[in-house]
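Architecture and fold: a report
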Amino acid sequence: MSEKTAELRRNDNQFIHPWDDIAKLGENQRTVLERGDGVYVYDSDGHRLLDAPAGMWCVNIGHGREEMAQVIYDQIMQLSYASPWSLTTGPAAQFSAQIAAEAPGDMNHVFFTTCGSTAVDSALRFVQFYNNVRGKPQKKGIIAHQKGYHGSTYLGASVSGKERDKNYLDFADQLVHHIPAPHPLHKDPSQSDADFLEQCVANLEKKILDVGPDSCAVFVSEPILASGGVIVPPEGYHARCLELCRKYDMLYLSDEVVTAFGRLGHCFASEAVFGIQPDLITTAKGLTSGYIPMGAVLVSDRLLDELRACGGDSAVFSNGFTYSGHPVAAAAGIKNLEIMKREKLFENAQTVGQYFQQQLRTLSDIPIVSDVRGVGLMGCVECELNQGAGDLELDYDLGNRIDKHCQELGLIVRPIINMCVMSPPLIITKDQIDEMVLILRTGVERAMQDCIDEGIWKPE
Ligand SMILES: Cc1ncc(COP(=O)(O)O)c(C=O)c1O
């Protein structure tokens with residue numbers, strides 16, 4: 001390690017990173033990234049790494065786009081900020097119209113936020129507002145999935161269902177109810193796919209009936225549960241859940257913070273991939289490809305018409321941020337979408353996405369690979385030493401070993417415990433996928449060999 005890297009790491013000890021273990025603050029020897037170009041990033045010692053998670057599911061157009069830098073620069077020189085309360089700007093107005101044009105059905109309105117968490121938070125506050133205006137203030141219950149992730153605001157974190165994230169923090173538990181994730185790995189081997197689907201749908205209906213339909217306001221679902229480990233629900237699941245929402249006068253919030261803007265081969269996945277038109281969609285990440293922070297909530301005409309009819313002039317949605325519709329972020333968003341369309345990146349995500357899925361599945365022959373799954377350019381390779389044992393400590397250790405080997409070999413994977421989660425930039429080529437899968441194979445095999453050499457595990 002160079003002296004420069006050592007110095008940066010010492011300085012980094014002052015930075016409390018997300019999900020930092022306070023007891024180990026400052027001990028984490030993070031890789032320092034210095035620059036990026038396309039699907040690659042380079043660390044402070046000049047080591048090239050293929051960025052398999054595209055940052056955090058976000059750098060969809062790839063790193064280092066000069067035209068993004070130019071449009072951001074130009075907008076700052078033109079106008080760096082305007083209050084979204086009483087004023088508007090060309091980029092914010094134009095971008096909202098473009099998003100509405102891409103969105104399914106009558107989702108013709110856009111509420112801008114600063115990130116995915118504030119989008120989810122705003123969407124949930126909108127649901128509360130909607131029911132209050134409609135004279136149904138008792139309808140407040142939120143139903144979401146275990147293993148779902150919806151952000152880090154108080155409400156977003158409350159709705160998230162990852163058990164490990166529930167330590168030492170408070171949550172709006174009286175509002176939120178969780179149901180099991182619709183994870184095909186939880187399907188009983190004796191069960192048919194159709195029966196498994198029925199069971200998953202029944203979990204939602206049972207929860208609605210337990211809580212009481214009059215108290216249930218909204219069902220929140222990621223089309224694919226991303227941070228939970230790329231969980232792909234059984235076919236037809238979302239449409240059946242939407243039917244239940246309609247039956248019990250609940251809204252359906254599709255959290256597309258990860259899946260929108262190309263990851264599954266379309267601008268929005270809810271309708272194009274899963275055949276549903278939700279009431280609300282949240283998006284962020286790919287919205288600006290992570291070049292500038294921004295999030296958004298899409299709202300259907302149906303909800304707004306209802307609100308107008310019920311609330312008249314008194315229904316003010318008192319929610320928003322200094323940076324809602326920030327002109328620089330909006331300008332970046334417009335350019336991002338232009339690049340995606342010009343370079344046909346949604347189409348690339350479809351074709352290369354299929355190849356990615358096929359190639360990932362070739363890893364199933366490695367003895368410690370317990371599952372390979374995904375859709376489009378979202379994939380997960382789950383590894384386990386003692387399959388089915390659920391030994392968390394061993395799983396963490398294995399994930400860290402795979403991560404370390406892959407990084408030495410030139411690949412960033414995002415270990416979520418023992419799951420290697422990947423969501424590469426949409427510009428990725430088949431050759432780069434081959435490179436990624438080859439490194440991952442070597443990394444997993446080396447981690448397995450370490451465990452054999454250290455007597456932690458032996459093959460059957
Ligand atoms: C589905 C989903 N919703 C919301 C969020 C929160 O987004 P942010 O980290 O931009 O606040 C995330 C972040 O990973 C996410 O995956």
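Let me sum up the structure you'll find in this document. (Residues numbered from 1 in each chain as written. Predicted model: local features only at pLDDT ≥ 70, side-chain atom pairs only at ≥ 80, totals over all residues. Heavy atoms only, no water.)

Close to the ligand lie Cys115, Gly116, Ser117, Tyr149, His150, Gly151, Glu222, Ser227, Asp255, Val257, Val258 and Lys285, which account for all nearby residues. The separation between an oxygen atom of the ligand and a polar side-chain atom of Ser117 is 2.5 Å. Lys285 places a polar side-chain atom, nitrogen or oxygen, 3.0 Å from an oxygen atom of the ligand. Within the complex, 86% of the 390 Å² of free accessible area of the ligand lies under protein. By residue class, the composition of the shell around the ligand is 4 nonpolar, 5 polar and 3 charged. (Near = heavy atom within 4 Å. Polar contact = N/O pair within 3.5 Å; in protein donor to acceptor, adjacent residues only side chain to side chain. Areas by Shrake-Rupley, 256 points an atom, 1.4 Å probe, with all protein chains shown as cover. Nonpolar A, V, L, I, M, F, W, Y, C, P; charged D, E, K, R; others polar.)

Attention shifts here to the packing of helix H7 (residues 193-211) against helix H8 (residues 237-247). At a minimum axis separation of 10 Å, H7 and H8 run at an interaxial angle of 25°. One finds that H7 runs roughly parallel with respect to H8. Like other packed secondary-structure pairs, H7 and H8 cross with a definite hand, here right-handed. Listed contacts from H8 to Leu197, Glu198, Cys200, Val201, Leu204, Glu205 and Ile208 of H7 are Tyr237, Arg240, Cys241, Leu244 and Lys247. Residue classes in the contact of H7 with H8 are distributed as 8 nonpolar, no polar and 4 charged. (Axes fitted to C-alpha atoms, helices over the stretch in contact; angles between N-to-C directions. Helix = DSSP H or I, 4+ residues; strand = E, 2+ residues; numbered from the N terminus. Parallel < 35°, antiparallel > 145°, perpendicular 65-115°, else oblique. Left-handed = near helix turned anticlockwise from the far one by under 90°. Contact = heavy atoms within 4.5 Å.)

Pairing in this open sheet of 7 strands is mixed, and the strands run S4-S10-S9-S8-S7-S5-S6 from one edge to the other. Two strands close off the open sheet at either side, each with one partner strand: strand S4 (109-113) and strand S6 (176-179). Neighbour to neighbour, the strand axes of the sheet diverge by 20° on average, direction disregarded. Of the pairings in the sheet, the one linking strand S9 (residues 280-283) to strand S10 (residues 295-299) comprises 4 bridges and is antiparallel in character. Each residue of the ladder has a partner; that of Leu280, found in S10, is Val299. Against the sheet, helix H5 (residues 116-133) engages S4, strand S5 (141-145), strand S7 (216-221), strand S8 (251-255), S9 and S10, with an angle of about 160° to S9. Lying on the sheet, helix H10 (residues 301-311) is in contact with S4, S8, S9 and S10; it crosses S10 at an angle near 70°. (Pairing = 2+ DSSP bridges.)

According to the stated counting rule, one finds 9 aromatic pairs in the structure shown. Between Phe111 and Phe317, the ring centres sit 5.6 Å apart and the planes meet at 70°, which makes this aromatic pair edge-to-face. Taken together, the positions of Phe111 in strand S4 and Phe317 in the loop between H10 and helix H11 (327-342) put the pair 206 residues apart, joining distant regions of the chain. Overall, the relative accessible area of 21% leaves Phe317 in the partly exposed class. Pairing Phe126 with Phe129 gives two aromatic rings, centres 5.9 Å apart and planes at 50°, and the pair type is tilted. (Phe/Tyr/Trp six-rings, centres within 6.5 Å; stacked < 30°, edge-to-face > 60°. Buried < 20%, exposed > 50% of the residue type's maximum accessible area, 1.4 Å probe, protein only.)

By the element assignment, Leu363 lies in the loop between helix H12 (345-361) and strand S11 (369-375). A sequence separation of 74 residues divides Leu363 from Val437, and the C-alpha atoms of the two residues are 8.0 Å apart. Among residues more than four places away in sequence, those in contact with Leu363 are Val369, Val381, Val437, Leu440 and Arg441.

With 68 residues, the main nonpolar core has Phe268, Leu360, Val381, Ile402, Leu411, Met422 and Leu440 as its most contacted residues. With 9 residues, helix H14 (residues 430-453) is the single largest residue contributor to this core. There are two domains that each give this core at least three residues, and those are domain 1 (31-61 + 344-453) and domain 2 (68-342). In this structure, Leu411 is in contact with Leu49, Leu50, Ala52, Cys406, Met436, Ile439 and Leu440, ignoring residues within four places of it in sequence. Listed in part, the 28 residues of the second largest apolar core include Leu124, Val127, Val133 and Leu253. (Core = buried A, V, L, I, M, F, W, Y, C linked by side-chain atoms within 4.5 Å. Domains from an automatic or database assignment.)

Its location among the elements puts Met1 in the segment before helix H1 (3-12). As for Met1 and Asp45, which are separated by 44 residues in sequence, their C-alpha atoms are 7.0 Å apart. Not counting residues up to four positions away in its chain, the partners in contact with Met1 are Ala6, Arg9, Gln29 and Asp45.

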